[in-house]
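Each chain is listed here by its residues.
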Amino acid sequence: MCKTIRFFGLFFLIIFIVQSSYLLGIDRAGNTKQSLSHDDYDSWKSIYRPAISDDGKWALYLETPQDGEAELVVINLKRRDEYRHTIGYSGEGTDAEKAARAEFNSDATKVLFLISPSQAEVKEAKKDKKKKDKDKPKKKLGIMDLSSGKVIVVDRIKSFLLPEDAPNWVAYLKEALPEAEKKEEEKEEKKAEEEEEEKEDKKKDKERKYGTSLILRSFKDGAETEFTDVLAYYFYKNEKKLFYIVSSKDKPETDGVYMVEPGQDRSVPLLTGKGIYSKFALNKDETCIAFLTDRDDQESKKPYFNLYGWKDGEAKASLWVSHTLQSNFPEGMAVSDKSDISFCEDGRVVMFGIKDIPAPKNEEDEEKAKFDLWHWNDPYPQPQQKLMADEVRDNTWESVYHLSSKSFVKLADKEIPDVQLSDNGKVAFARTIWPYAKRVAYYGSYYDVYVINPQTGKKTLVKKELYGRASLSPTGKYVYWFLKGNWFVYDIASGTTKNITESINIDFEQYDWDRPNPKGSYGLAGWTDGDAAILLNDRYDIWEISPDGSSARMITEGYGRSHDLSMRYVRLDPDEKTINPQESILLKSVDQNTMAEGFFRDRVEGHKKPVKLIMLDRAIRPFIKAKKADRFLYARSTFEEYPDLWTCDADFRKPEKITDLGRQMEPFIWGKSAMRDFLSADGKPLKGILVKPENFDQNKKYPLMVYIYETLHQGRHNYRHPSPGSSINLPYYVSNGYILWMPDIEYDTGYPGRDALKCVLPGIHMLIREGYIDPEAIGIQGHSWGGYQIAYMITQTNIFAASVAGAPVSNMTSAYGGIRWGSGMVRQFQYERTQSRLGDTLWKVPLRYIENSPVFWADKIQTPVMYMHNDEDGAVPWYQGIEFIMALRRLEKEAYMFNYNGEAHGLRKRVNQEDWTIRMAEFFDHHLKGAPIPDWMKSGIKAWEKEKNEVK
């Protein structure tokens with residue numbers, strides 16, 4: 001009997017240990033896993049800006065903690081060894097990973113990168129607030145030798161430039177050296193008349209930028225050549241020539257455009273003389289350059305610009321276009337520096353802008369009335385006009401110069417202000433929104449579409465009042481657009497328009513479009529060579545259709561539709577203009593049920609079905625090809641798999657993982673995601689993402705966290721880094737004992753709040769019925785549109801024990817006529833035709849605006865609500881938050897509104913992100929897990945106690 005007791009005692013002890021280990025999160029090695037904490041965010045590392053060398057033998061990426069020293073990592077893909085070097089502090093306001101610009105030279109013998117100030121340098125600079133920007137720590141240039149990993153560091157660097165197709169040289173521009181402080185007595189010695197003379201010079205200096213030292217460095221022997229007072233510089237792709245622009249404060253007579261052949265000591269001045277030189281352009285074959293300068297009018301207060309050019313082999317640049325040179329140049333106008341210059345591909349035509357010569361300013365200091373006139377028939381409301389003011393003032397009329405005939409043609413005007421030239425220079429294309437600008441605030445964007453003859457300037461109307469945009473085919477033969485479910489092509493030569501998809505019994509418009517404006521398309525893959533055919537996407541497959549609609553065939557042979565896969569063309573060459581129908585093409589595939597992703601190989605010509613290369617139940621992005629080798633770099637991920645980098649050949653044989661940042665997850669309890677199907681209250685089939693902790697126990701009751709926006713299931717395989725932000729951090733909640741649910745929401749017209757309720761509640765009830773959800777511990781969070789839906793739903797249901805909303809609209813009647821201060825646009829379009837989906841004006845359907853507004857039903861709320869609405873919100877005016885909190889306060893409802901001072905729609909300052917993230921967790925943990933109530937929930941934070949607002 002004693003043996004029996006000991007046996008059962010041992011048995012139950014083992015069971016207890018196993019269960020305890022499971023609940024605590026014991027991994028296979030027997031180590032106890034821990035829950036994520038808010039302290040884990042700063043050190044969590046991400047992979048930024050991966051790249052692969054042209055020969056496919058090396059890869060690089062930036063390994064970046066959220067707050068700490070970031071590193072460049074370079075990996076030899078054959079040997080698997082790696083080199084590392086710091087690139088600076090990655091904390092708020094520094095973004096070292098964005099500034100690094102790491103890149104291989106063309107033969108992959110070097111990696112060049114910018115190094116930002118270190119964390120210590122940043123903190124020291126912040127302490128010395130009086131320090132001028134020019135004296136603060138500057139970026140450095142790192143030059144890594146891939147034969148050894150050794151790095152040469154060059155101080156005070158603005159930028160660097162590598163020739164695209166040649167390996168032997170680099171040019172880099174240095175920061176100016178700090179000026180020695182002037183003695184106070186020297187400043188006092190200035191005479192009064194000198195000060196007056198300098199006033200005018202200072203005005204000009206504000207507009208002028210002056211150059212610094214440019215270094216041209218050889219990788220062969222390390223030899224350096226310095227050029228002074230350089231403002232901008234440009235390399236030939238083959239590194240045979242380097243052009244640079246000089247802007248000198250001390251020697252203005254040396255201003256100009258210069259050329260040097262790397263390896264030669266002497267540079268050649270192409271054009272010099274005091275003035276501004278800007279907007280440099282090279283043609284595709286690098287046989288011509290063009291630039292602007294005001295050197296010819298230096299006596300004026302506001303000098304006009306002229307267009308100069310230089311052809312390979314010429315000794316000097318010559319004047320191409322001036323309002324004093326061309327007889328047909330519009331009177332009162334001149335070449336402008338407010339728009340860029342561009343060549344057509346063969347360099348025969350150059351495009352630039354012209355503008356009215358400004359009238360002299362009235363210098364009389366006369367007091368004038370200051371006001372804004374809000375005119376009922378203005379194309380845009382005043383706030384939007386103010387944001388557009390500089391752009392409109394600086395708007396230029398595109399014109400062209402034909403090099404062979406030396407002729408000038410003006411293409412744009414006030415009625416058609418924006419024009420683009422085809423790559424071959426044979427046709428110009430324009431679309432103008434101006435006749436319908438007022439409609440943007442209500443219905444969306446409408447355009448008149450034109451083609452223009454660059455030889456004569458003659459304009460031909462292609463399509464009037466087109467909803468959405470039209471585009472020009474690559475060789476300029478056709479204009480094409482999507483409208484009311486069909487694709488249309490306009491033949492420029494014949495002047496005829498054809499509906500090229502009307503005879504095809506397949507929908508080209510998005511099947512799940514749920515906004516009360518015209519449906520969008522699935523886009524296009526591109527055009528085949530010579531504009532022979534356009535390649536259009538339907539929901540699943542790709543069609544090859546002739547421009548006149550006479551022939552149409554599915555190049556993917558229906559494989560996508562029969563396998564429920566979307567098949568999309570992958571452009572591997574960023575410079576590609578058209579698709580060769582005879583060559584093999586790569587297709588990205590996404591399983592519409594599981595969100596599995598993969599790649600297929602196919603070709604436009606022929607009737608063979610696509611060949612599968614790989615399909616993974618994961619997300620695959622980004623996907624990068626080596627320029628001169630069939631070698632690929634990509635990342636793959638799921639919710640529970642870190643997006644480490646992988647490499648493979650063109651057929652995806654033997655894919656290999658080359659990074660291991662996923663090891664960061666090993667100490668922590670993580671989650672596992674699954675796609676779930678369910679039905680809305682109206683019987684619509686929907687999907688949602690369910691994430692359970694990896695130590696999930698079917699017999700335990702879990703608190704449920706619901707996160708919403710619109711359709712979310714496409715992100716099933718997205719990896720979420722632990723980080724603070726405006727919304728809940730999903731891994732944190734799963735790691736801390738919550739189950740996470742992200743349901744899709746689909747809408748009809750008129751009642752978006754009710755539609756959200758119909759989609760969110762059925763999914764929750766489905767999970768409750770499965771037995772592992774505590775029905776008394778359900779929380780919900782969402783930001784912006786998600787925040788609005790939460791504010792509405794808690795007026796209609798008590799299923800949530802706690803809710804957190806970010807920047808919610810509470811009153812659609814008062815918000816309807818408000819301004820989105822970020823863009824200056826009136827908010828009416830949003831409520832009528834886009835996200836709010838009410839379908840009509842406030843005056844035609846007033847009850848819809850009231851019924852969808854949470855503030856009118858606030859007395860029904862029984863759910864504790866916490867929300868954020870910041871005083872610089874340019875998307876949802878923060879007075880919407882004020883209306884809501886005042887209503888809830890009057891009704892004695894538990895509510896907390898956070899206004900992070902100076903923040904906009906979403907939090908940008910990390911300290912605020914961290915604060916909000918912690919407070920959300922405290923709020924949910926108290927209401928859903930019974931954690932102690934924090935002081936700020938119990939007593940608030942009075943204005944006179946703000947210094948005590950730290951999270952305890």
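Since we're looking at a predicted model, the values are computed, not measured. (Residues numbered from 1 in each chain as written. Predicted model: local features only at pLDDT ≥ 70, side-chain atom pairs only at ≥ 80, totals over all residues. Heavy atoms only, no water.)

Visitor: Tell me about the overall build of the protein chain, and please be specific about residues and values.
Guide: What the protein chain contains, in helices and strands, is 16 helices and 54 strands. A principal-axis box enclosing the C-alpha atoms of the protein chain has dimensions of 110 × 75 × 65 Å. Here the contacts in the protein chain between residues at least 6 apart in sequence split such that 55% fall between residues at least 24 apart. About 46400 Å² of surface is accessible on the protein chain, with carbon and sulfur atoms providing 49% of the total. Distance between charge centres in the protein chain, computed from 138 positive and 148 negative side chains, equals 3 Å. (Helix = DSSP H or I, 4+ residues; strand = E, 2+ residues; numbered from the N terminus. Contact = heavy atoms within 4.5 Å. Areas by Shrake-Rupley, 256 points an atom, 1.4 Å probe, with all protein chains shown as cover. Lys, Arg positive; Asp, Glu negative; His and termini not counted. Charge placed at Lys NZ, Arg CZ, Asp CG, Glu CD.)

Visitor: Hey, could you go over the packing of helix H9 (residues 752–769) against helix H10 (residues 785–793) for me, with residue numbers and the actual values?
Guide: Contact pair H9 / H10: the axes reach a minimum separation of 9 Å and the direction vectors enclose 85°. One finds that H9 runs roughly perpendicular with respect to H10. Between H9 and H10, the contacting residues are Pro752, Gly753, Arg754, Ala756, Leu757 and Val760 on the first element and Trp785, Tyr788, Gln789, Tyr792 and Met793 on the second. Taken together, the residues of the contact of H9 with H10 break down into eight nonpolar, two polar and one charged. (Axes fitted to C-alpha atoms, helices over the stretch in contact; angles between N-to-C directions. Parallel < 35°, antiparallel > 145°, perpendicular 65-115°, else oblique. Nonpolar A, V, L, I, M, F, W, Y, C, P; charged D, E, K, R; others polar.)

Visitor: Requested: an account of the pattern of salt bridges, with residues and values cited.
Guide: Overall, the coordinates contain 48 salt bridges when judged by the stated rule. The closest approach of N and O atoms between aspartate 630 and lysine 625, which form a salt bridge, is 3.8 Å. For aspartate 630, a relative accessible area of 51% gives the class exposed. For aspartate 859, the salt bridge is made with lysine 860, and the minimal N-O distance between the two is 3.1 Å. Among the residues examined, aspartate 859 registers a relative accessible area of 41% and is labelled partly exposed. (Salt bridge = Lys/Arg side-chain N within 4 Å of Asp/Glu carboxyl O. Buried < 20%, exposed > 50% of the residue type's maximum accessible area, 1.4 Å probe, protein only.)

Visitor: I'd love a proper account of helix H15 (residues 910–929), names of residues and values included.
Guide: Helix length check: H15 (20 residues) gives 27 Å between terminal C-alpha atoms against 28 Å at 1.5 Å per residue, within 8%. The element H15 is extensively covered by neighbouring structure, given that 14 of its 20 residues are classed as buried. Phi turns positive one or two residues past the end of H15, at glycine 930, with a value near 75°. (Expected span 1.5 Å × (residues − 1).)

Visitor: How would you sum up the sheet that holds strand S16 (residues 277–282)? Please name residues and give values.
Guide: The four strands are arranged S16-S17-S18-S19 in an open sheet whose pairing can be described as antiparallel. Looking at the sheet topology across the chains shown, the edges are occupied by S16 and strand S19 (318–321). Averaged over all pairs of adjacent strands, the angle between strand axes in this sheet comes to 30°, irrespective of strand direction. Here S16 pairs with strand S17 (residues 288–293) via four bridges, running antiparallel. In the strand pairing of S17, tyrosine 277 is matched with threonine 293. (Pairing = 2+ DSSP bridges.)

Visitor: Got a sec to walk through the environment of aspartate 649? Specific residues and values, please.
Guide: Here aspartate 649 shows up in strand S43 (residues 645–649). Sequence-wise, aspartate 649 and arginine 469 are 180 residues apart; in three dimensions their C-alpha atoms are separated by 38 Å. Look past the residues within four positions of aspartate 649 in its chain and what remains in contact with it is Asp630, Arg631 and Phe632. One polar contact links the side chain of aspartate 649 to the main-chain amide nitrogen of aspartate 651, over a distance of 3.0 Å. In this structure the side chain of aspartate 649 is engaged in a polar contact, spanning 2.9 Å, whose partner is the backbone nitrogen of phenylalanine 652. (Polar contact = N/O pair within 3.5 Å; in protein donor to acceptor, adjacent residues only side chain to side chain.)

Visitor: So what about a nonpolar patch on the surface? Which residues, and what values?
Guide: Side chains of Trp878, Tyr879, Ile882 and Met886 sit close together on the surface and give an oily, nonpolar patch of about 330 Å² of accessible area. The topology assignment puts methionine 886 in helix H14 (residues 879–890). (Patch = residues over 30% accessible without salt bridge, like charges linked within 9 Å, V, L, I, M, F, W, Y side chains within 5 Å.)

Visitor: Talk me through the pairing of strand S7 (residues 140–145); I want residue IDs and the actual numbers.
Guide: Pairing of strand S6 (residues 110–115) with S7 involves six bridges; the strand directions are antiparallel. Among the inter-strand pairings, valine 111 is bridged to a residue of S7, identified as methionine 144. Bridge count between S7 and strand S8 (residues 151–154): four bridges; the pairing is antiparallel. If you follow isoleucine 143 over to S8, its bridge partner there is isoleucine 152. If you look at the hairpin formed by S7 and S8, you'll find five residues sitting between the two strands, and glycine 149 has a positive phi there, around 85°.

Visitor: Give a detailed account of the packing of aromatic side chains, specifying residues and quantitative values.
Guide: A full pass over the atoms with the stated rule returns 53 aromatic pairs. Their ring planes at 80° and their centres at 5.8 Å tell us that tyrosine 380 and tryptophan 434 sit as a pair that is edge-to-face. With tyrosine 380 in the loop between strand S22 (349–356) and helix H6 (382–393) and tryptophan 434 in the loop between strand S26 (428–432) and strand S27 (446–452), this residue pair connects regions lying 54 residues apart in the sequence. Through pairs of rings, three or more aromatic residues link up here, namely Tyr732, Tyr733, Tyr738, Tyr896, Phe898, Tyr900, Trp916, Phe923, Phe924 and Trp936. Over the ring of phenylalanine 160 we find arginine 101, and its NZ or CZ is 4.0 Å from the ring centre. If you follow arginine 636 out to its NZ or CZ, it ends over the ring of tryptophan 646, 4.0 Å from the centre. (Phe/Tyr/Trp six-rings, centres within 6.5 Å; stacked < 30°, edge-to-face > 60°. Lys NZ or Arg CZ within 6 Å of the ring centre and 35° of its normal.)

Visitor: Go over the environment of threonine 556, please, and point to the residues and values.
Guide: Tracing the chain through its elements places threonine 556 in the loop between strand S36 (552–554) and helix H7 (559–562). Expressed as a C-alpha distance, the spacing of threonine 556 and phenylalanine 600, which sit 44 residues apart in the sequence, is 10.0 Å. Among the polar contacts made by the side chain of threonine 556, one reaches the side chain of aspartate 541 at a distance of 2.7 Å.

Visitor: With reference to specific residues and values, describe H6.
Guide: For H6, built from 12 residues, the straight-helix expectation of 16 Å at 1.5 Å per residue is met to within 8% by its first-to-last C-alpha distance of 15 Å. On the buried face of H6, the contacting elements are strand S51 (819–820) and strand S52 (825–826).

Visitor: Tell me about the side chain of asparagine 517, and name the residues and values.
Guide: Within the element layout of this structure, asparagine 517 appears in the loop between strand S32 (496–499) and strand S33 (524–527). Apart from residues lying up to four places away in sequence, asparagine 517 is in contact with Tyr467, Arg833 and Thr834.

Visitor: A description of the sheet that holds strand S15 (residues 268–272) should follow, citing residues and the corresponding values.
Guide: An order of S9-S10-S11-S12-S13-S14-S15 is seen for the seven strands of this open sheet, with the pairing classed as antiparallel. The open sheet has two free edges, formed respectively by strand S9 (157–161) and S15, since each of these has just one partner strand. Strand after strand, the sheet turns through a mean of 40° between neighbouring axes, direction not considered. Direction of pairing for strand S13 (residues 242–246) relative to strand S14 (residues 256–260): antiparallel, over a ladder of five bridges. Opposite phenylalanine 243, over in S14, you have methionine 259 as the bridge partner.

Visitor: Go over the environment of serine 218 with me, naming the residues and quoting the values.
Guide: Among the secondary structure elements, serine 218 is positioned in strand S11 (residues 212–218). Residues serine 218 and proline 167, spaced 51 residues apart in sequence, show a C-alpha to C-alpha distance of 9.5 Å. Not counting residues up to four positions away in its chain, the partners in contact with serine 218 are Asn168, Trp169 and Ala223. Of the polar contacts made by the side chain of serine 218, one reaches the backbone nitrogen of lysine 220; its length is 3.1 Å.

Visitor: Any details on the confidence of the model for the protein chain? Residues and values, ideally.
Guide: In regions of low pLDDT, the predicted coordinates are not meant to be interpreted in detail. Confidence in the prediction for the protein chain averages 92 pLDDT; 92% of positions are at 70 or higher. Throughout residues 1–23 the model reports pLDDT below 50, and contacts reaching past four residues in sequence, or to other chains, amount to eight contacts. Residue range residues 180–189 is modelled with pLDDT below 50. Its contacts to residues more than four positions away, or to other chains, number one contact. (pLDDT = per-residue confidence, 0-100.)

Visitor: Provide a residue-level description of the side chain of serine 116, including the pertinent values.
Guide: Inspection of the secondary structure assignment puts serine 116 in the loop between S6 and helix H3 (119–127). Here serine 116 is in contact with Ile87, Gly88, Ala96, Ala99 and Lys139, once residues within four sequence places are set aside.

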